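Understanding the architecture of this molecule
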Amino acid sequence: MHWTRPVLFPLLLCYGELVSAQLKYSTPEELKVGSVVGNVAKDLGLDVGTLTSRRFRIVSGAQDALFEVNPNNGLLLVHKRLDREQLCDRNAVCVMDLKIVVENPLEIHYVSVEVTDANDHAPSFAEKEQIIEIAENTLSGARIQLPGARDPDVGINSIQRYKLSQNEHFQVEIRDRDDDKIPFLMLQKQLDREEKIYHRLILSAIDGGTPSKSAHLNMTIRVLDINDNRPIFSKEGYSVMLQENVPLGTSVIKVQAADLDEGANGEVEYEFRGDMNTEVRRLFSLDKKSGEIRVDGQIDFETNNVFKLDVQASDKGQPPMTTDCRVIIKIQDVNDNKPEIEVTSITSMVPEDAKQGTVIALVSIIDIDSGPNGKVICSLTENVPLELKPSFKENMYSLVTKDSLDRETKSKYDISITAMDCGEPPLSTIKTVSIQVKDVNDNIPEFPQNPLELYLTENNEPGASVFSVSAFDKDLDDNAVVSYHMVRQGGHTDITSFLSINSENGQISALKSFDFETVKSFQFHVVATDGGSLPLSSNVTVKVFILDQNDNAPVILYPVSSNGSAQGVEEIPRNIKAGDLVTKVRAYDADIGYNGWLLFSLQRVSDHSLFSLDRYTGQIRTLRSLTETDEAEHRLLILVKDNGNVSLSATATVTVKLVEPKEAFAASDVKSAATVDEEDNVTFYLMITLGSVSLLFVISIVVLIAMQCSKSTEYTSKYLQETNYDGTLCHSIQYRSGDKRYMLVGPRMSIGSTIVPGSHANTLVLPDRRHTSGEPKAPNSDWRYSASLRAGGVMQSSVHMEESSVMQGAQGVLVQNWPTASSAADAEGGEVSPPMGAGVDSNSWHFRYGPGGPGAPPQHLKPGEVPPEAFIIPGSPAIISIRQNQGDDDKSDFITFGKKEEAKKKKKKKKDKKDKKDKGKDDDE
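Residues numbered from 1 in each chain as written. Predicted model: local features only at pLDDT ≥ 70, side-chain atom pairs only at ≥ 80, totals over all residues. Heavy atoms only, no water.

1. Considerations on the overall build of the chain
Definition in use: The helix and strand labels rest on DSSP assignments: H or I over at least four residues marks a helix, E over at least two residues marks a strand, and numbering proceeds from the N terminus. Throughout, exposure labels follow a simple rule: accessible area from a 1.4 Å probe, protein chains only, divided by the maximum for the residue type, with under 20% read as buried, over 50% as exposed, and the rest as partly exposed. We call two residues in contact whenever any of their non-hydrogen atoms come within 4.5 Å of each other. To measure how exposed things are, a 1.4 Å probe is used in the Shrake-Rupley method; for residues, cover is taken only from the protein chains shown.
Within the chain, the regular secondary structure consists of 5 helices and 60 strands. For the chain, buried positions account for 45% of its 925 residues. For the chain, the share of sequence-separated contacts (at least 6 apart) that also reach a separation of at least 24 residues comes to 67%. As displayed, the chain has an accessible area near 47,400 Å², and 50% of this comes from carbon and sulfur atoms.

2. Overview of the nonpolar core
Rules: Among buried residues, the Ala, Val, Leu, Ile, Met, Phe, Trp, Tyr and Cys ones that are joined through side-chain atoms within 4.5 Å form a nonpolar core.
Counting 29 residues, the largest nonpolar core has F284, L309, V311 and I329 as its most contacted members. Mapped onto this core, the elements with two or more residues apiece are β17 (237-243), β18 (251-254), β20 (268-272), α3 (278-283), β21 (284-286), β22 (292-295), β23 (306-315) and β24 (322-332). Not counting residues within four places of it along the chain, the set of residues in contact with F284 comprises L242, V252, F272, I293, R294, V295, D296, I299, F307, L309 and I329.

3. A few points about the pattern of salt bridges
Inclusion rule: A pairing counts as a salt bridge when a side-chain nitrogen of Lys or Arg comes within 4 Å of a carboxyl oxygen of Asp or Glu.
Summed over all chains, the structure comprises 24 salt bridges. The residue R81 makes a salt bridge to E30 at a minimum N-O spacing of 2.9 Å. Of this pair, R81 sits in the loop between β6 (75-78) and α2 (84-88) while E30 sits in the loop between β2 (18-28) and β3 (36-39), and the two are 51 residues apart along the sequence. R81 gets classed as partly exposed once you look at its relative accessible area, which sits at 48%. A salt bridge links K412 to D414; the shortest N-O distance between them is 3.9 Å. With relative accessibility at 45%, the residue D414 sits in the partly exposed group. Shared partners join several salt bridges into a network, and the residues in it are E267, E269, K288, K289 and K316.

4. A word on unusual backbone geometry
Residue P425 follows E424 across a cis peptide bond; omega there is -5°. Within the fold, P425 resides in the loop between β31 (412-421) and β32 (428-438). In this model, N450 is joined to P451 through a cis peptide bond whose omega is 5°. With respect to the helices and strands, the residue P451 is situated in the loop between β32 and β33 (452-457). Phi is positive for N459, which is not a glycine, with a value near 65°. Residue placement: N459 occurs in the loop between β33 and β34 (465-468).

5. Some thoughts on the state of the cysteines
Put plainly, a disulfide is one covalent bond tying together the sulfur atoms of two cysteines. The line we're drawing: Here, the term disulfide refers to a pair of cysteine sulfur atoms separated by no more than 2.5 Å.
Applying the stated criterion to the full structure yields 1 disulfide. A disulfide bridge connects C88 with C94, and the sulfur atoms are separated by 1.8 Å. Across the S-S bond linking C88 and C94, the dihedral sits near 60°, which makes this disulfide right-handed. Overall, C88 belongs to the buried group, its relative accessible area being 9%. The class for C94 is buried, based on a relative accessible area of 1%.

6. Here we look at the packing of aromatic side chains
Note the threshold: Any two rings among Phe, Tyr and Trp, with Trp reduced to its six-membered ring, count as a pair given centres within 6.5 Å; such a pair is stacked if its planes are under 30 degrees apart, edge-to-face if over 60, and tilted if neither. Charge-over-ring contacts are defined here by two conditions on Lys NZ or Arg CZ: a distance within 6 Å of the ring centre and an angle within 35 degrees of the ring normal.
Evaluated as defined, the whole model comprises 8 aromatic pairs. Relative to F545, the ring of Y455 has its centre 5.3 Å away and its plane inclined at 25°; by these criteria the two rings are stacked. With a gap of 90 residues between them, Y455 in strand β33 and F545 in strand β39 (residues 537-547) connect regions that are remote in the sequence. The exposure class of Y455 is partly exposed, given its relative accessible area of 32%. In this structure F545 comes out as buried when scored by relative accessible area, which is 8%. Both rings, one in Y594 and one in W597, keep their centres 5.6 Å apart while their planes meet at 40°; by these two values the pair is tilted. For W597, a relative accessible area of 8% translates into the label buried. Counting every residue linked through ring pairs, the aromatic cluster contains F514, F522 and F524. The aromatic ring of F516 is capped on one face by K520, whose charged end is 4.9 Å from the ring centroid.

7. Some details on the sheet that holds strand β5 (residues 67-69)
Note the following rule: Here a strand pair is declared whenever DSSP counts at least two bridges between the two strands. Angles run from 0 to 180 degrees between N-to-C directions of axes, and those axes are lines fitted to C-alpha atoms, restricted for helices to the stretch in contact.
Pairing is antiparallel in the open sheet, where 3 strands are placed in the order β3-β6-β5. Looking at strand neighbours, the two that pair on one side only are β3 and β5, the edges of this open sheet. Pairs of neighbouring strands in the sheet enclose a mean axial angle of 20°, with direction left out of account. Pairing between β5 and β6: 3 bridges, direction antiparallel. Paired with F67 across the strands is V78, a residue of β6.

8. Description of the sheet that holds strand β26 (residues 349-351)
Within the open sheet, the 4 strands sit side by side as β26-β32-β31-β28. Their pairing is mixed. Strands with a single pairing partner mark the edges of an open sheet, and in this sheet they are β26 and β28 (376-380). Strand-to-strand twist of the sheet, defined as the mean angle between neighbouring strand axes without regard to direction, takes the value 30°.

9. Details of the side chain of D153
Definition in use: The charge count treats Lys and Arg as positive and Asp and Glu as negative. His and the chain ends do not count. As used in this structure description, the phrase polar contact means that two N or O atoms lie within 3.5 Å; if the pair is within protein, one of them must be able to donate a hydrogen and the other to accept it, and residues adjacent in sequence are counted only when both atoms belong to side chains.
With respect to the secondary-structure elements, D153 resides in the loop between β10 (143-145) and β11 (159-164). Comment: no salt bridge for buried D153; closest opposite-charge side chain is K213, at 6.4 Å. Here H121 takes part through its backbone nitrogen, which lies 3.1 Å from a polar atom of the side chain of D153. Ignoring any residue separated from it by four or fewer positions in sequence, one finds D153 in contact with E29, E85, R90, D117, A118, N119, D120, H121 and S158.

10. Considerations on the side chain of T653
With respect to the secondary-structure elements, T653 resides in strand β48 (residues 649-659). When near neighbours in sequence (up to four residues on either side) are disregarded, T653 contacts P559, A566, Q567, G568, R635, L636 and L637.

11. Section: the environment of N552
As for its placement among the helices and strands, N552 is situated in the loop between β39 and β40 (555-558). The sequence separation of N552 and A590 amounts to 38 residues, and the corresponding C-alpha distance is 6.1 Å. Setting aside chain neighbours within four positions, we find N552 in contact with E517, D589, A590, D591, D642 and L648. Side-chain polar atoms of N552 contact the side chain of E517, separated by 3.4 Å.

12. Side note on the pairing of β24
Pairing between β17 and β24: 7 bridges, direction parallel. Bridged to Y238 within β24 is V327. As judged from the 9 bridges shared by β23 and β24, these two strands associate in the antiparallel manner. Directly across from D310, in β24, lies its bridge partner R326. Count of turn residues in the β23/β24 antiparallel hairpin: 6 residues.

13. Quick look at the environment of V582
Note on placement: V582 falls in strand β42 (residues 581-584). Overall, the relative accessible area of 10% leaves V582 in the buried class. Once the C-alpha coordinates of V582 and T622 are considered, the two residues, 40 residues apart in sequence, prove to be 6.9 Å apart. Apart from the residues within four sequence positions on either side, V582 is in contact with E570, I572, I576, F611, I620, R621, T622 and V656.

14. Considering a nonpolar patch on the surface
Our working rule: For patches, a residue must show more than 30% relative accessible area and have no salt bridge; joins then use 9 Å for like charges and 5 Å for nonpolar side chains, namely Val, Leu, Ile, Met, Phe, Trp and Tyr.
A contiguous nonpolar patch, built from L695, L696, I699, V703 and M707 and spanning about 490 Å² of accessible area, is present on the exposed surface. Looking at the secondary structure, you find I699 in helix α4 (residues 661-709).

15. Things to note about the confidence of the model for the chain
Stated precisely, the cut-off is as follows: What pLDDT conveys is the predictor's confidence in a given residue, as a value from 0 to 100.
Put simply, the chain has an average pLDDT of 75, and 71% of its residues get 70 or more. Note that pLDDT drops below 50 for residues 1-17; the model gives that stretch 42 contacts with residues more than four away or on any other chain. Low pLDDT (under 50) marks residues 741-901, which in the prediction has 404 contacts with non-local residues, meaning those over four places away or in another chain.

Shown next, in the form of C-alpha cells:
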C-alpha cells in the first residue's frame, strides 16, 4: 500500500483578501492512476462541503496534467502515470510544484509533491559482449577499466555493486567516480598465452532495490604478446567551462597521452569509450589523431549544465595498450530565454466602486535561465489605477486595485505587464491584460437646462403634446434608463392635474384647453429617475406662460337696453351745434394687445351729413347744425371690432330723436324718474362689487408691504422728476424685483435713468427722486385696476400694475401717470397708448396730450401716426377719463359702469331744469 507524507507550512502573508499556505507531499512513482496523494482539504482545514461552490481547483503549473483534485472530498489524486526518470532524469530530488486556488474568499495554496524513486528499472550494459586484449607479460595487479552498466534509478535503487564470475586470474574492483561506480578488472595472477589464449568471464551489475535487479556482460579475455607500455594522459582528468549556444565546431579541449614505446606500439589514437551516452556523442566529436574535442551539436544549459566524457587512448601495439581519462565540461549559462508571464484571471469585470486592494488576477513569472539571467523585475503600464503586489514566493504577484475607478471616465484598461530579467543584455516580455470596468449607478440624470420655459398659446387642443423634457444619465444599461413623472401638489387648484407626462420619453400633454384670461402662467416640477437598483433622480422646474389669442369678441357696455340688447335711444335738442357730443358707444374686449384694441365704424345711418363717429373713441358727434327739414328720428348701426388676425366684432344700435329743447328736458325727467328705481338697484350692486374689490386690494397691499419689509427698503416707490413737455411720450412700465425697482421704456430714456448691467436694454433702475409736480394729475386714488402686460421680448411673464403706470419720455418730456383704461370724456385731450404684447412693438407707440377740436387731428400728429383716441386698454369695464381743463365741453371727470354715467347726466339735467323752473317762477313773481 502506497503512502504519503503531508507537511503543512502555513504562510501568514496576505494582500487584501488573499490567503496562502503551502503543503508538501511525498509519493512513489508508478502509482496507479486515481491513487490518493493526500487530503488537501483536511490538511488545509477547508470545509469539504464548500469546495465545489468555491471552485476548488489546480490553476497553474506544468505538472497540473499529472495530478488532479476532487472537489467533492478535497483529495489530491494521480491523473497520469508518474515516471520519475522521465520527469527528473537522474536528479537526486524530484519535486512537482502545484498551485491550488479556492475563491470567496480567495485563497492560494502551494503544494509540492516529491516523487520518490521506485526500483522499476534494471541495470543494462551498452553492449552484450566485450572483448579485452591483455598482453601476457602484464604484471599482477594491473587494472583495466570495464564498461559500466547504466541504471536510470537513483539512490539505493541504482547500481550498488559489480560481481565477476569465479576464476583464478581476475577479480573486479569498484571505484566511485562522482555519483557513478566504475568497475575495473584487476589481474590477480599473471597470464600465460601458451597455457590459455581466451578467458571467458561474466560481469554482473546489481542494484540495491528490494528485490534487487541485475544485468550481465559477457567478457572474453584475449591474451596477447608483449606491448609493455601503455599511453599515459598528461592529466588524470580534465575540466573545462563552455558557454551555451556556442557555434558548431567550437574547440572545447584537447587531450594528450604519451606512449614510451616505439613504432606502432607508441602511436596513440583517441576515442570515446563505448559506454558513453549517445546524446553526448551527438553533441561532441573527438579527433582520433589529435585528441581535440569539438562541439558538434547545440549546447543548451537549461537541458544539461554538465557533461562527462570518458576518453580512451590506445597505442598500435599488438596487443594495443590503453588508458583512459574523464573530461568534465561545465556549461555556462547565457541569457537566451525571455521571461514567461502566466496570468490567472480572478475576474475580468471590475465594479467601478471596487475597494482599493481588490485582487483582479494572479501573475506568475518564469525564467528558466539561472543566476542574474533568471532574476526578473516585473512592472505595469504607468498611469493606471492598478498595481502588482509581490507574493511570498519569488516571481509571484497579485494584480490589485490601488485607486478608485470611474467607468464614465474610462471603461476599459489594456494593461501591459512587463517582465525583464537582469541578464546582459536583458530580455523582456510584455503581456497585455484587458480589464473591463463594470458600471455602477453613481450618476444622477441631468437636465441640459434648469428651469425650462414653455410658451403655450391658449385654446390648445386637449390631449395634444405641448412640450418634452429630456435628461441624460452617464451610466449604462438599466442605470441609464430614465423615467419621468411630475410632482403633484394636490388640491382642486393644482394646475398640474391637467397635465400628463409620458414616463418613457418625457412628452408632456395638456389634458385641457387653457384660457389666458383665467390663467396666464404657472410652473411645475418634473422628476427624472434612472433605472438602477438604488435609483437616483433629479428634477427640473418647467415655467409655462400662456399666450393670448383673439378668442373674445367685443362686449358693448353702452348702449344696453332693458332686455340686454345693444340698443339705446338718445334725444337731442334741435338747437344742437356742429361738433356737439350726441352720445358715446362704450365697449371692452377681454383680450390684450392688438386682440383687445377696438375700432368703431358706422355701418348704417339715415343721414351721413348729420352724424360722425370717432373710430377710436366711439363718440358720436354732430357734423352740422340741425334744420327744420331734418327728420325727427335717426337710426345708427355701429360696428365694434378688435384688431386680431381674425377680428371679432359686435354691433350696437343707437336711435337719435330730435326734439325741441324744452321737450328734451321734459323727456329726460320722465326717463330719469322711470329708471330711478332700476338705477338704485344697480348702484347697490355696484357698491357691493366695489367694496369687495377694495377689500381684496387692501389685503393685497398688506401682503405686499409685509413681503417688502422682509427685503431691503433701500428703494421706495418714487416718480421720476418732471421735465419740460414737448407733447410726445413713449410708454413705460414700472415693476419691482427683489429690492430694486425697474422700468421698461421705449427707445429714449430720461436723464438720470440707469441701465442695469446684464439686464435688457429697455430696463431702467429708477433713481431715488420724488414726484413734486401736481400736473398732470394722477388718476383718482380710489380707482384700482390690475393689468397683465408683456413687453414683447423684454418681459417673459405677466407684470401686474397697481394704481397707474408711469409714462417716460425723452429729455425735457413730462412724466405722466398712465391710466390703464381709455378715457371716457368727450373732447378729451389725452388718451392711453395701446397695451403691450401680442406682437406689438412697445417702442413704436406714443402718447400725446394737447387740445383738439371736434373732428380735428390731435396736435403734433405726424402723417401715418395713430390718433390717441384710438387706444382703449381692455380687460375691465372701468372707463377712466383724464380731465385736462381744455374747455366747457369736457364733462367726463368720472368713473362709469354702463348706464350709471347716463343716469348721472340725467340727474344733472333734471337738477338744472328744476333750477330754471324755480328761476322762472321768481321772474313771474
